[in-house]
Amino acid sequence: MGRKKNQVTPVAEADRVFVLGAAARLFRQKGFDKTTVKEIAEACGMLPGSLHYRYPSKESILVDLMRLALEQASTALSEAIRGESEPLEQLRQGINAHLELLVGGSDMVYVLLFEWRSLHGESRQEMIDLRDKYELLWSAMLQSLSSQGLIRADVDRDLLRLIGLGALNWVATWFNEGGRYTVKDVGDFVWTVIKDGVLKR
């Protein structure tokens with residue numbers, strides 16, 4: 001039996017990161033639709049056939065790239081809040097870690113945010129499921145705050161998570177390193193909004 005369209009052949013993690021990093025740079029520069037498998041192979045110093053052995057389609061490269069980006073996002077968030085027992089500080093550190101990831105110049109994160117339209121069917125659903133898994137980490141933090149009576153009773157936690165992450169993610173579209181605002185400025189402003197509009201006084 002042949003491989004499914006987006007089934008990836010297991011490779012060493014270092015090779016995976018190298019290939020996906022090269023693909024992410026091209027997808028960011030040219031867009032997914034205008035990038036060819038041949039260009040990705042050339043950027044990796046590989047023959048197209050060797051790349052095809054690992055990834056049977058261009059979409060399978062995009063899927064695994066987004067999968068890796070979400071893995072990195074989940075790891076960054078988990079590490080940021082590890083060891084923090086105070087729920088409020090967990091949330092603040094989580095926000096800062098998410099912002100740092102967004103503006104850190106990662107091609108993979110950029111592609112994750114802006115190439116969703118290129119996925120279809122099962123591939124799109126897989127990424128939605130992985131995104132939801134990442135957002136569960138945020139849901140758990142908000143639930144902890146709520147259970148301790150730290151969030152106002154009239155605040156819908158699901159809407160807070162959805163709108164909050166949407167606003168944070170949008171920072172990637174306008175943030176300019178060396179510009180008017182630093183990452184700390186953005187993080188501090190977000191925290192002020194949360195304190196004044198979400199948390200109980």
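Okay, so let's go over this structure. (Residues numbered from 1 in each chain as written. Predicted model: local features only at pLDDT ≥ 70, side-chain atom pairs only at ≥ 80, totals over all residues. Heavy atoms only, no water.)

## Overview of a nonpolar patch on the surface
Our working rule: Residues with no salt bridge and a relative accessible area higher than 30% make up the patches, which join like charges within 9 Å and nonpolar side chains (Val, Leu, Ile, Met, Phe, Trp, Tyr) within 5 Å. The Shrake-Rupley method, run with a 1.4 Å probe, gives the accessible areas here. Residue values count only the displayed protein chains as cover. In what follows, salt bridge is the name for a side-chain nitrogen of Lys or Arg lying within 4 Å of a carboxyl oxygen of Asp or Glu. Only runs of H or I of at least four residues qualify as helices and only runs of E of at least two qualify as strands under DSSP, and these elements are numbered from the N terminus. A simple rule labels every residue: compare its accessible area, found with a 1.4 Å probe on the protein chains alone, to the largest value its type can have, and call it buried under 20%, exposed over 50%, or partly exposed in between.
Where nonpolar side chains cluster on the molecular surface, the patch consists of Leu 159, Leu 162 and Ile 163 and spans about 300 Å² of accessible area. By the element assignment, Leu 162 lies in helix 8 (residues 157-174). Residue classification places Leu 162 among the partly exposed positions, given a relative accessible area of 46%.

## Structural notes on the pattern of salt bridges
Pairing between side chains of opposite charge can happen when the charged atoms of each approach one another. All chains considered together, the criterion is met by 16 salt bridges. Between Glu 126 and Arg 67 there is a salt bridge whose closest N-O contact spans 2.6 Å. Highlighted residues: Glu 126 in helix 7 (residues 121-147) and Arg 67 in helix 4 (residues 58-81), separated in sequence by 59 residues. Classification of Glu 126 as partly exposed rests on a relative accessible area of 27%. Its salt-bridge partner being Arg 161, residue Glu 135 comes within 2.5 Å of it at the nearest N-O pair. Residue Glu 135 is found in helix 7, and its partner Arg 161 is found in helix 8; the two are separated by 26 residues along the sequence. Look at the salt bridges and you will find they share partners, linking Arg 16, Asp 64, Arg 67, Glu 71 and Glu 126 into a network.

## Points about the packing of aromatic side chains
Definition in use: Here the aromatic set is Phe, Tyr and Trp, taking the six-membered ring for Trp, and pairing holds for ring centres within 6.5 Å; pairs whose planes are under 30 degrees apart are stacked, those over 60 apart are edge-to-face, and all others are tilted.
Throughout the structure, instances matching the rule amount to 3 aromatic pairs. With a centroid separation of 4.8 Å and an interplanar angle of 55°, the aromatic rings of Tyr 110 and Phe 114 are classed as tilted. Of this pair, Tyr 110 and Phe 114 both sit in helix 6 (residues 107-114), 4 residues apart, which is roughly one turn of that helix. Tyr 110 sits in the partly exposed class, given a relative accessible area of 33%. The class for Phe 114 is partly exposed, based on a relative accessible area of 29%. Note on Trp 174 and Phe 175: the rings are 6.5 Å apart at their centroids and 55° apart in plane angle, and the pair reads as tilted. Residue classification places Trp 174 among the partly exposed residues on the basis of a relative accessible area of 41%.

What is shown is where atoms sit, not what they do.
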